[in-house]
Amino acid sequence: MCFKKETLIKILPPIIGFGIGGALWGIILYLWRPIDYPLNFIALVMILFGGIGLGWDLKSIKKTLKATGFGIIGGIVGLIVAFFGIYHLPIIGSFIVFLYPSWLIDFSYLSGLGITEYWLNFTLAGFLIGLFFSFSYPKIWPITWRGGVGFGLAAIISPLFGNLLGNLFNSLFLSYLITFSLIGIIFSLFLVWGIEKNK
């Protein structure tokens, strides 16, 4: 992923929006424990804040709200569709061994909350969220596929850092906070990448 210099300024609002939204998602999940499936409607908090940040570059309140609305609708559709694969997709994902070693599974749990095992669910939801966000831009495919790949990779990578730092400071709250903040940030970077490919 390569950004032009002027693009570095543009990516800050999405990173901040999705980062804050992801943090709130993690905090709510932490407070409402035990919840064993992370891709529930609490994730819409991340999409709301992230959508505002993502639409910031549109330089119009109306367009920003429109993009955010599309994102929320995509989030609802994506979360529902991904939920239908709650039992099947983890089984399929487990056969992709190079992405699913045993040590990665061990680090994917936050006190009973599985994340990495649902990476295909995240990918599917990300495709649909990216698709709906793309309705505010000329090209659909660049944002759509990057949304899916970005959300899926975020589900694999983020719990590693969240758990490592949480264990370092002996704080489950910190694990949740870092994990879901990173999910939002990584997802935002891929979406911005897709938007840049629209230009």
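Residues numbered from 1 in each chain as written. Predicted model: local features only at pLDDT ≥ 70, side-chain atom pairs only at ≥ 80, totals over all residues. Heavy atoms only, no water.

### Let's talk about the overall build of the protein chain
Part 1 of the argument: Of regular secondary structure, the protein chain possesses 9 helices and 2 strands.
Part 2 of the argument: Counting from the amino terminus, the protein chain carries its helices and strands in the arrangement α-α-α-α-α-α-β-β-α-α-α.
Part 3 of the argument: Within the protein chain, residue pairs in contact and separated by at least 24 positions form 76% of the contacts whose partners lie at least 6 positions apart.
Part 4 of the argument: Carbon and sulfur atoms provide 76% of the accessible area of the protein chain, an area that totals close to 9600 Å². (Helix = DSSP H or I, 4+ residues; strand = E, 2+ residues; numbered from the N terminus. Contact = heavy atoms within 4.5 Å. Areas by Shrake-Rupley, 256 points an atom, 1.4 Å probe, with all protein chains shown as cover.)

### Here we look at the nonpolar core
Part 1 of the argument: The biggest cluster of nonpolar side chains holds 40 residues, and the ones touching the most others in it are W25, L39, F122, F151 and I183.
Part 2 of the argument: If you tally residues by element for this core, the top one is helix α9 (residues 172–196), at 10 residues.
Part 3 of the argument: The contacts of F151, once residues within four sequence positions are left out, are W25, L39, M46, F122, A125, G126, I129, I183 and F187. (Core = buried A, V, L, I, M, F, W, Y, C linked by side-chain atoms within 4.5 Å. Buried < 20%, exposed > 50% of the residue type's maximum accessible area, 1.4 Å probe, protein only.)

### Describing the environment of P13
Part 1 of the argument: By the element assignment, P13 lies in helix α2 (residues 12–31).
Part 2 of the argument: Separated by 44 residues in the primary sequence, P13 and D57 have C-alpha atoms spaced 8.3 Å apart.
Part 3 of the argument: Residues within four places of P13 in sequence aside, it is in contact with G53 and W56.

### Notes on the side chain of S188
Part 1 of the argument: Note on placement: S188 falls in helix α9.
Part 2 of the argument: Classification of S188 as buried rests on a relative accessible area of 1%.
Part 3 of the argument: The residues touching S188, leaving out its near neighbours within four places in the chain, are P14, I15 and F18.

### Some words on helix α8 (residues 141–168)
Part 1 of the argument: Between its first and last C-alpha, α8 extends 40 Å over 28 residues, near the 40 Å set by a 1.5 Å rise per residue.
Part 2 of the argument: A maximum bend of about 30 degrees is found in α8 at A155, where proline P159 lies one to four positions downstream.
Part 3 of the argument: Positive phi appears at N170, one or two residues downstream of α8, with a value of about 55 degrees. (Expected span 1.5 Å × (residues − 1). Bend = angle between axes of the 7 residues up to and from the residue.)

### Side note on the confidence of the model for the protein chain
Part 1 of the argument: Averaged over the protein chain, the pLDDT score is 85; the fraction of residues at 70 or greater is 83%.
Part 2 of the argument: Per-element confidence in the protein chain ranges from a low mean pLDDT of 49 for helix α6 (residues 102–106) to a high of 95 for α2. (pLDDT = per-residue confidence, 0-100.)

### A short note on the packing of helix α3 (residues 44–54) against helix α4 (residues 61–84)
Describing two packed helices takes the angle between their axes plus the distance from one axis to the other.
Part 1 of the argument: With their axes 8 Å apart at the nearest point, α3 and α4 run at an angle of 155 degrees to one another. It follows that α3 is roughly antiparallel to α4 by the angle criterion. Between α3 and α4 the crossing geometry is right-handed. Here L44, I47, L48, G51 and I52 of α3 come into contact with α4, specifically with T64, T68, G71, I72, G75, I76 and L79. (Axes fitted to C-alpha atoms, helices over the stretch in contact; angles between N-to-C directions. Parallel < 35°, antiparallel > 145°, perpendicular 65-115°, else oblique. Left-handed = near helix turned anticlockwise from the far one by under 90°.)

### Section: the environment of F151
Part 1 of the argument: On the secondary structure map, F151 appears in helix α8.
Part 2 of the argument: Between the C-alpha atom of F151 and that of T123, which follows or precedes it by 28 residues, the distance is 5.5 Å.

### Some points on the packing of aromatic side chains
Part 1 of the argument: This structure, assessed with the given rule, holds 15 aromatic pairs.
Part 2 of the argument: Within the aromatic cluster, the residues linked to one another by ring pairs are F18, W25, Y30, F122, F133, F151, F173, Y176, F180 and F187.
Part 3 of the argument: Note that R33 overlies the ring of Y30, its terminal NZ or CZ placed 4.2 Å from the centroid. (Phe/Tyr/Trp six-rings, centres within 6.5 Å; stacked < 30°, edge-to-face > 60°. Lys NZ or Arg CZ within 6 Å of the ring centre and 35° of its normal.)

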